[in-house]
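Below, each chain spelled out in residue letters.
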Amino acid sequence: MPENHASDIRIGVFICHCGSNIAGYLDMEALADFAETRPHVVFVQRNLYTCSESGINEIKKGIQEQDLNRVVVASCTPRTHEPLFRSSCAEAGLNPYLFEMVNIRDQCSWVHMQEKTDATEKARELIGMGIAKAALLQPQEIILSEVQTRALVIGGGIAGLTASLSLARRGYEVVVVEKDQALGGMLNHLYKLGPQMQAAKELAAETVQKVNAHPKITVFTRAHVTQVKGFIGKFEVTVETQSGAKKIDIGIIIVATGAQPLVPEGLYGYDGKRTVTQFQLETMLAKGLDAAVRHVVMIQCVGSRNDERPFCAKICCQTAVKNAILIRRQYPETKVSILYRDMQMYGVENEAMFRDSKAAGVRYINYDPADPPQVKADKVGVYHPLLGRKMELAADLVVLSTPLLAREDAHETSQLLRVPVNENGFFLEGHVKLKPLDFATDGIFLCGSARFPANIREAVAQGLGAAARASIPLSKGSVEVEPIISVLADEDACRGCGLCVALCPYGALEVRQTEKGRKVHVINVACKGCGICAATCYQHALSINSFTDRQIEAQIDAFLTVHP
Amino acid sequence: MCTGRLDPAIVAKAFKKGLDGLLVVGCYFGDCHYISGNYQAQAKIEMTRRLFEHIGVNPQRLAFKQCSSGEAAVFVEIVNTFDATIRELGPLGGDGDAVRNPALSEKLATAEAVLAGEKMRWVIGKKTPFTTSGNMYGEIFTEHEFNRAIDMIIVEETEVQEILGQLRQKALSVAELAGSLAIPPARIFRYVTALKRKGFVALEGISGRSPKYKLISQEVS
Ligand SMILES: Cc1cc2nc3c(=O)[nH]c(=O)nc-3n(C[C@H](O)[C@H](O)[C@H](O)COP(=O)(O)OP(=O)(O)OC[C@H]3O[C@@H](n4cnc5c(N)ncnc54)[C@H](O)[C@@H]3O)c2cc1C
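Residues numbered from 1 in each chain as written. Chains lettered and ligands numbered in written order. Predicted model: local features only at pLDDT ≥ 70, side-chain atom pairs only at ≥ 80, totals over all residues. Heavy atoms only, no water.

Asker: Can you help me understand the overall build of chain A in this one?
Answerer: Summing up its helical and strand segments, chain A has 15 helices and 30 strands in all. Along the first, second and third principal axes, the C-alpha set of chain A runs to 95 × 60 × 40 Å. Sequence separation of 24 or more characterises 69% of the internal contacts of chain A that already satisfy a separation of 6 or more. About 25100 Å² of surface is accessible on chain A, with carbon and sulfur atoms providing 50% of the total. Once the 60 positive and 62 negative side-chain charges of chain A are each reduced to a mean point, those two points are 8 Å apart. (Helix = DSSP H or I, 4+ residues; strand = E, 2+ residues; numbered from the N terminus. Contact = heavy atoms within 4.5 Å. Areas by Shrake-Rupley, 256 points an atom, 1.4 Å probe, with all protein chains shown as cover. Lys, Arg positive; Asp, Glu negative; His and termini not counted. Charge placed at Lys NZ, Arg CZ, Asp CG, Glu CD.)

This is the structure:
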């Protein structure tokens, strides 16, 4: 199939000054003159701001009056402005994928502010390449795919349950898969929750009761997900339940598998009796502390912020302060000291709890990780930097504040869902700021301690957030997919060998039996257009929309001729 | 689009058209939105560098580096270092390369054919399974073993493509091919027999006592 009829191509080039952001550093006239010399270019215009209303109108006018059928904008970054320019083209009746953007701000005027001549030269090259590609662009249609309005939530802790309730209340069916016997997660093992000091069991019971009572929610306990096929809107999930395996059609998935506390084997004489973790202390407090305990020493950052685990688990300081206050209030005779490196008490409420603890008589001593505290038979030795000497604190009970770690099976879950984990084994969001509760893979979301140690407030907020994000495709009932994806451009050439299938990171390719024999099939909705398949196929049967071999080669040619 | 889109055949073609250097900068492994494309890019660039070295292009003209979008200083360092390397090497086919122009251009045409061909693309596509879970017999290759295999395939595939290149111009006998390509006749004979079996070449006729072979057009209609 020919990519175009060269004679009909009419390209308009709009070069943006971006105020003085671009025009202050490049020779704009030279760029416009150059653009006019390029093949198929019939219209060139410079705009003060191409993205302003008047700039947009100029593009539309150009399309209508000059009969443009390809538009190139040389301006800023496509990350922020491509959607705008594309939709402007569409409004003027031009297929939005006949638009090409060239970034002469970030890549030229900004990074080469002091080198006008060279920066202008680079901009010429980039514009030349953009025009060459534009000439070969083909119209594309946005892909629509249906969404099954049932959600799967993996993990029945407070984050997962909050998300489930939120989705169910919006009218969507929810399936909760919890591997434990009971719902509630970590809450089932805690005593009181800081900073409000609510009983953990109460919050758990209240939430679980609402979940169980909700007609839209189905709960499977002592269950786990064994297989996940498909893509956003059409996942086919197999759940191993107490009554056998079940296949369920799912539209979106939320990962809320939480985290588990580090057991500090071999650290500070940990024995689970006199030297325990905060996690164990919660149970001890629930039962009531032994009357003989008069001196409690807590040590922070045990097993974290070291070479092996460089991260700060962020909630252990809150836990220690909370438990110190609880001990001081319930056992006024008992003294509590907290040995810390830095106190991580972010937020107004935590800060207030920190102040309360001091008022309640909790003592704080800073320690240096190079000279850590020594746990002895009935004492803890520590260097006091303010007093400038070693101290020995009496200690009947030593409590180690250990970090929450990624679940042991997080890696398996990650492989099952084809979503990434970070270097510490926690699930990795799509973007730390722009997509904190989404995975890069569409239709899969995350919340709570599965993402990173969170307190209840954060776990709840994230559960609500993930439910809100997940509601977008659920409420639309369909997803729109960017058509810049892989296509089987030459079906006859494909031998159905499956080399590309094995390499696809998104499971977006499969070999199907067709009338013409075994042929690869692209699952449009799952494809992200990375291009590995096209770059690997030895039959050159696959191509990527808007990044075809011919388009790439045309750009290379333009680069080599613009600047011989 | 991702660095995984990088097609080595297009890379060789770009050099043939006059590129002096190509720097590919991708994400760090395990830290990419496209998940595994950067592994593919690295494997493909590495293989292309080996092929370049074999045909006489200085492999330093091609590089795969990694940095994150937050590491401006690292990126600048990578670009400046590469720029300095290429300036030092000078234009392609000059003092910086083992083979000079115009012979190099022909070599690059051969390289393009090798990189577009079935064998190289198959092997490189299978690199990850070969080096992690093993081939169909369950044998796992070390990086070193894999590269040795690649080097062998490079030598063979280059010779095969050179033979096809010669036959594209006119029908030739084994002796004539051996003469113009400086490859021992026995090896030429082996390649030609294999090419005949796969339907790439056919007997054209006998001149004197030696058979002449011609190319069969591979156009798919
Ligand atoms: C000692 C300690 C004290 C704390 N004190 C406080 C406090 O005072 N105040 C406060 O705000 N926060 C506190 N926290 C933090 C609080 O526990 C967490 O914020 C909260 O539990 C996070 O909820 P979650 O749902 O993300 O994870 P979790 O509570 O860990 O729940 C995850 C659930 O997923 C299940 N699961 C895991 N993997 C799978 C799988 N593969 N398949 C199916 N199910 C799976 C688990 O069984 C679990 O039920 C404390 C934490 C600790 C460790």
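Past the structure itself, the notes keep going.
Asker: Can you help me understand the pairing of strand β18 (residues 335–340) of chain A in this one?
Answerer: Within a regular strand, side chains alternate between the sheet's two faces. Residue and element names in this part refer to chain A. Of all six residues in β18, five are buried, a share of seventy percent or more. Relative to β18, strand β17 (residues 295–299) runs parallel, the two sharing five bridges. Looking at the pairing, Met 298 lines up with Ile 338 of β18. With respect to chirality, the unit in which β17 leads through helix α9 (residues 316–330) into the neighbouring parallel β18 is right-handed. Here four bridges tie β18 to strand β19 (residues 363–366), and the two strands are oriented parallel to one another. Residue Leu 339 lies in a different strand from β19, and its bridge partner there is Ile 365. On the question of chirality, the crossover connecting β18 to the parallel β19 by way of helix α10 (residues 348–359) is right-handed. (Buried < 20%, exposed > 50% of the residue type's maximum accessible area, 1.4 Å probe, protein only. Pairing = 2+ DSSP bridges. Right-handed = clockwise from strand over helix to strand, strands pointing away.)

Asker: Whenever I open this one, the pattern of salt bridges confuses me. Can you help?
Answerer: Two side chains carrying opposite charge are able to pair once their charged atoms lie near each other. What the rule picks out here adds up to 39 salt bridges over all chains. With its nearest N and O atoms 2.8 Å apart, the salt bridge here joins B:Arg50 to B:Asp151. Here B:Arg50 is found in helix α2 (residues 37–55), whereas its partner B:Asp151 is found in helix α7 (residues 143–169), with 101 residues between them in sequence. Judged by its relative accessible area of 23%, B:Arg50 is partly exposed. Residue classification places B:Asp151 among the partly exposed residues on the basis of a relative accessible area of 31%. Salt bridges linked by common partners bring A:Glu82, A:Arg86 and A:Glu482 together as one network. (Salt bridge = Lys/Arg side-chain N within 4 Å of Asp/Glu carboxyl O.)

Asker: Would you mind going over the packing of α2(B) against helix α4 (residues 103–116) of chain B with me for this structure?
Answerer: Residue and element names in this part refer to chain B. The contact between α2 and α4 brings their axes to 10 Å, and the two run at 145°. α4 is crossed by α2, and the crossing has right-handed handedness. Side by side, α2 and α4 meet where Met 47, Thr 48, Leu 51, Phe 52 and Ile 55 of the first sit next to Leu 104, Lys 107, Leu 108, Ala 111, Val 114 and Leu 115 of the second. (Axes fitted to C-alpha atoms, helices over the stretch in contact; angles between N-to-C directions. Left-handed = near helix turned anticlockwise from the far one by under 90°.)

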